[in-house]
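Geometric and topological summary
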Amino acid sequence: MIINEKLIDFYGKFKNKEDAIHQLITMAKIENRIKDVTIFYEAVMKREAEASTSLGYSVAIPHGRCDEVSEPFVAMAKLKEPMMWNDKEVRLIFLIGVPKSSSDNLHLKILANLSKHLIDDTFREVLLETEDVQEVLKLFSEF
Amino acid sequence: MKIIGVTACIAGIAHTYMAQAAIEKEAKKQGHECKIETQGSMGNENELEEHEIEAADVVIIGADINVEGIERFDDKVVYKTTVSECVSEPEKVIAEAIKLIG
């Protein structure tokens, strides 16, 4: 699975964007989804510097597409208190990792579907309000 | 109104598809017909058919990279913008595109 319960943090509390990315990467590392934490962090920050990955909808999607990713993943954090991500307020953060050479359409399809659903207000409300990790996993399994 | 378009971001993982969904949702809300092709990590999807291009009133290109097959729209009214604009401000993007047809 692209996500599992250990890649979900319902009570995220971060000092800033860098801290959030760092903590989500740590979760992914523990689950053996990435090789070198520092190289992956730099890839994510490089992408973030090109253009903010929060474009409204209370969501940020930092991502890295590089070969430090050993298995595609999404690490998700929900924030009890909204935080600023550059100029946008966010309450949901999805860190995405995909290997550079990936032609693994199954995972890419899940990521594309997740992205499309994030535009949907009801979908985001379900994610924000649920206290049940299994409900989140079920949503992902339907993509 | 018949609106078509293409979205394409650098990584092709997430924002290409958010932009597609945002534009299609807003267009539908306004009562327009809309189909957006995505050029992302899975290749080109929801590809525009020749007859759909023919019938379209306006084309929205929301892209941060070069779009494949841009010549398909040579004879069309094209509104060019970025992926982030499509995601953040779909209402404005559609309004600007429609303004071009007058």
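To keep things clear, this report deals only with the structure shown in the data block. (Residues numbered from 1 in each chain as written. Chains lettered and ligands numbered in written order. Predicted model: local features only at pLDDT ≥ 70, side-chain atom pairs only at ≥ 80, totals over all residues.)

With respect to the helices and strands, the residue K78(A) is situated in strand β4 (residues 73–85). Remark: the alpha-carbon pair of K78(A) and H117(A), spanning 39 residues in sequence, is separated by 16 Å. (Helix = DSSP H or I, 4+ residues; strand = E, 2+ residues; numbered from the N terminus.)

Taken together, the 19 residues of chain A in the interface contact 17 residues of chain B. Of all the secondary structure elements, the ones that give two or more residues to the side of chain A that touches chain B are α2 (37–50), β3 (63–65), β5 (88–98) and α3 (105–117) of chain A. The dominant element in the side of chain A that touches chain B, judged by the number of residues it contributes, is α3(A), at seven residues. Split into classes, the residues belonging to the side of chain A that touches chain B amount to 10 nonpolar, four polar and five charged. (Contact = placed C-beta atoms within 7 Å. Nonpolar A, V, L, I, M, F, W, Y, C, P; charged D, E, K, R; others polar.)

Glancing now at the nonpolar core. Among the nonpolar cores identified, the biggest contains 70 residues, and V74(A), M18(B) and I23(B) are the most heavily contacted of them. Setting aside residues up to four positions removed in sequence, V74(A) forms contacts with I2(A), I3(A), L7(A), F94(A), I96(A) and L114(A). (Core = buried A, V, L, I, M, F, W, Y, C linked by C-beta atoms within 7 Å. Buried ≥ 20, exposed ≤ 12 C-beta atoms within 10 Å, placed from the backbone.)

All names here are of chain B. Strand order in the open sheet formed by five strands is β3-β2-β1-β4-β5, with mixed pairing between adjacent strands. Two strands bound the open sheet, and with one partner strand each, they are β3 (43–45) and β5 (78–81). With strand direction ignored, the average angle separating the axes of adjacent strands in the sheet is 15°. Taken together, the three bridges between strand β2 (residues 33–40) and β3 define a ladder with antiparallel strand orientation. Considered in β3, the bridge of T38 is made with E45. (Pairing = 2+ DSSP bridges. Axes fitted to C-alpha atoms, helices over the stretch in contact; angles between N-to-C directions.)

The next point concerns the pairing of β5(A). Residue and element names in this part refer to chain A. The buried count for β5 comes to eight of 11 residues, which makes it a mostly enclosed element. Looking at chain direction, strand β2 (residues 59–60) and β5 are connected through two bridges and run parallel. Across the sheet, residue V59 finds its bridge partner in β5, namely L92. By the bridge criterion, three bridges tie β3 to β5 in an arrangement that is parallel. Looking across to β5, one finds that H63 is bridged to I96. In the sheet, β4 pairs with β5 via nine bridges, with the strands oriented antiparallel.

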